[in-house]
Amino acid sequence: MFLSVAAITLGLIFLVWSANYFVDGSAAVSKYLNISPLIIGMIIVGFGTSAPEMLVSFISSLSGNSGIALGNAYGSNITNIALILGISAMISPIIVKSEILKKELPVLSFFTLVTIIMMLDKKIGFNDSLILLGLFFVYLTYTIIMSFKQRDDSLVHEIEAGIENYNQPIKKSIIKLVSGLLILIVSSRVLVWGAVELATFFGVSDLIIGLTIVAIGTSLPELASTLVAARKGEHELALGNIIGSNIFNTMVVIGIAGLVHDLDVDSMIISRDILIMTILTFSIFIIGYGFKGKQGIINRYEGMAIFSVYVFYILLLIISV
């Protein structure tokens, strides 16, 4: 047990540290290559903050641990909305003015419904994964095109302002990129091993470990970036981090894991975890979209309500052990 706890602890520490290192390095290299700030902010930085989820689910799938692969992705989505977004809204109400975000909210809801349909046969196979990755590519292409057309959008301004921080020598940037990626891979493997061993020791499913310890740990980069954005008053960047991460988890993390090995879907994932994730996803869509010309806003009381769902969900997991 001691070794598994140590592996999880060290794995999470190095996972978060290497993810930040990888993001800094890749963003700085991209800026040096004169890649558009929008592409850096929306793809490269977004990919970097979701790299822990992707690598953990990929390695779990390789090892045949569908529970950790699925629990990590969907548990991270629940954590992102209920814990991270809930706390962010309690710190500072999130005002949604961006037309880009208003388009992404229904897209996230649609992608959530797509995954539910795919899970009805209790398996996510190779063809399902190709569909998920194909839809994500279409979405990403469309989002980039719309971003360049809407240069005056408030989210675009916040993204471009954030990219100004990535200024460092090219040699240092490459070292950060490569070392960050290597440590990401090793720490992900250590974390998965520790999670499986801990689940075996306590006699609980690897799904529960994936939904809790692993999901919270791999969501730490999103937590850090979202809370910093909320404290700076960059409301839409905070919400954009959550939406982007959840779309990436739903489509790419699950898609890549399913390409490697068919993912067996436990019935509890559909009746409990996907249900909670869907309720949360549609809640932020309804609250944040702003219907009938009204401005979307997630205020402190709504943030508290969203956070309370996370507390309820954790209690539900404890009862089910």
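As a reminder, the structure under discussion sits directly above these lines.
Computed from a predicted structure; not experimentally measured.

A. Summary view of a nonpolar patch on the surface. Residues Met1, Val5, Phe201 and Phe202 make up a contiguous nonpolar surface patch of about 410 Å² in total accessible area. With respect to the element layout, Phe201 can be found in helix H7 (residues 170-202).

B. Here's a closer look at the packing of aromatic side chains. Within this structure, the stated rule accounts for four aromatic pairs. Taken together, a centroid distance of 5.8 Å and an interplanar angle of 50° make the contact between Phe136 and Tyr139 tilted. Highlighted residues: Phe136 and Tyr139, both in helix H5 (residues 126-149), separated by three residues, approximately one helical turn. Note on accessibility: Phe136 and Tyr139 belong to one class, buried. Considering the side-chain rings of Phe136 and Phe248, the 5.8 Å spacing of their centres and the 90° angle between planes classify their relative orientation as edge-to-face. Of this pair, Phe136 sits in helix H5 while Phe248 sits in helix H10 (residues 235-260), and the two are 112 residues apart along the sequence. Overall, Phe136 belongs to the buried group, its relative accessible area being 13%. The rings of Phe110, Phe111, Phe136, Tyr139 and Phe248 are connected pair by pair, giving a single aromatic cluster.

C. Here's a closer look at the environment of Gln168. Its place among the elements puts Gln168 in the loop between helix H6 (154-163) and H7. Residue classification places Gln168 among the partly exposed residues on the basis of a relative accessible area of 21%. As for Gln168 and Asp24, which are separated by 144 residues in sequence, their C-alpha atoms are 9.2 Å apart. Beyond its immediate sequence surroundings of up to four residues, Gln168 is in contact with Asp24, Ala28, Ser173 and Lys176.

D. Spotlight on the environment of Leu105. Looking at the element boundaries, Leu105 is found in helix H4 (residues 99-118). What makes Leu105 buried here is its relative accessible area of 2%. In this structure, the C-alpha to C-alpha distance between Leu105 and Ile286, residues 181 residues apart in sequence, is 8.9 Å. Contacts of Leu105, omitting those with residues within four sequence positions, involve Ile243, Ile284, Phe285, Gly288 and Tyr289.

E. Structural view of the pattern of salt bridges. Going through the model one piece at a time under the given rule, you end up with two salt bridges. Between Asp264 and Lys123 there is a salt bridge; the shortest N-O distance is 2.7 Å. Here Asp264, found in strand S3 (residues 263-264), pairs with Lys123, found in strand S2 (residues 123-124); they are 141 residues apart in sequence, far enough to count as distant. Among the ionic pairs, Asp273 bridges to Arg272, the shortest N-O distance being 2.8 Å. Arg272 matches Asp273 in its accessibility class, with the two residues each being buried.

F. Summary view of the side chain of Ser129. Residue position: Ser129 is located in helix H5. Polar side-chain contacts of Ser129 include one of 3.0 Å to the backbone oxygen of Gly125. One polar contact links the side chain of Ser129 to the main-chain amide nitrogen of Leu259, over a distance of 3.4 Å. In this view, Ser129 contacts Ile124, Ile254, Gly255, Gly258 and Leu259; residues no more than four positions away in its chain are not counted.

G. Highlighting the packing of H7 against helix H8 (residues 206-218). Where H7 meets H8, the axes come as close as 9 Å, and the angle between the chain directions of the two elements is 140°. By the angle between their directions, the pair H7 and H8 is classed as oblique. Every pair of crossing elements has a handedness; the one defined by H7 and H8 is right-handed. Between H7 and H8, the residues in contact are Leu191, Ala195, Leu198 and Ala199 and Asp206, Ile209, Ile213, Val214 and Thr218, respectively.

How each quantity is defined
Residues numbered from 1 in each chain as written. Predicted model: local features only at pLDDT ≥ 70, side-chain atom pairs only at ≥ 80, totals over all residues. Heavy atoms only, no water. Patch = residues over 30% accessible without salt bridge, like charges linked within 9 Å, V, L, I, M, F, W, Y side chains within 5 Å. Areas by Shrake-Rupley, 256 points an atom, 1.4 Å probe, with all protein chains shown as cover. Salt bridge = Lys/Arg side-chain N within 4 Å of Asp/Glu carboxyl O. Helix = DSSP H or I, 4+ residues; strand = E, 2+ residues; numbered from the N terminus. Phe/Tyr/Trp six-rings, centres within 6.5 Å; stacked < 30°, edge-to-face > 60°. Buried < 20%, exposed > 50% of the residue type's maximum accessible area, 1.4 Å probe, protein only. Contact = heavy atoms within 4.5 Å. Polar contact = N/O pair within 3.5 Å; in protein donor to acceptor, adjacent residues only side chain to side chain. Axes fitted to C-alpha atoms, helices over the stretch in contact; angles between N-to-C directions. Parallel < 35°, antiparallel > 145°, perpendicular 65-115°, else oblique. Left-handed = near helix turned anticlockwise from the far one by under 90°.

Function cannot be inferred from these measures alone, as they are strictly geometric.
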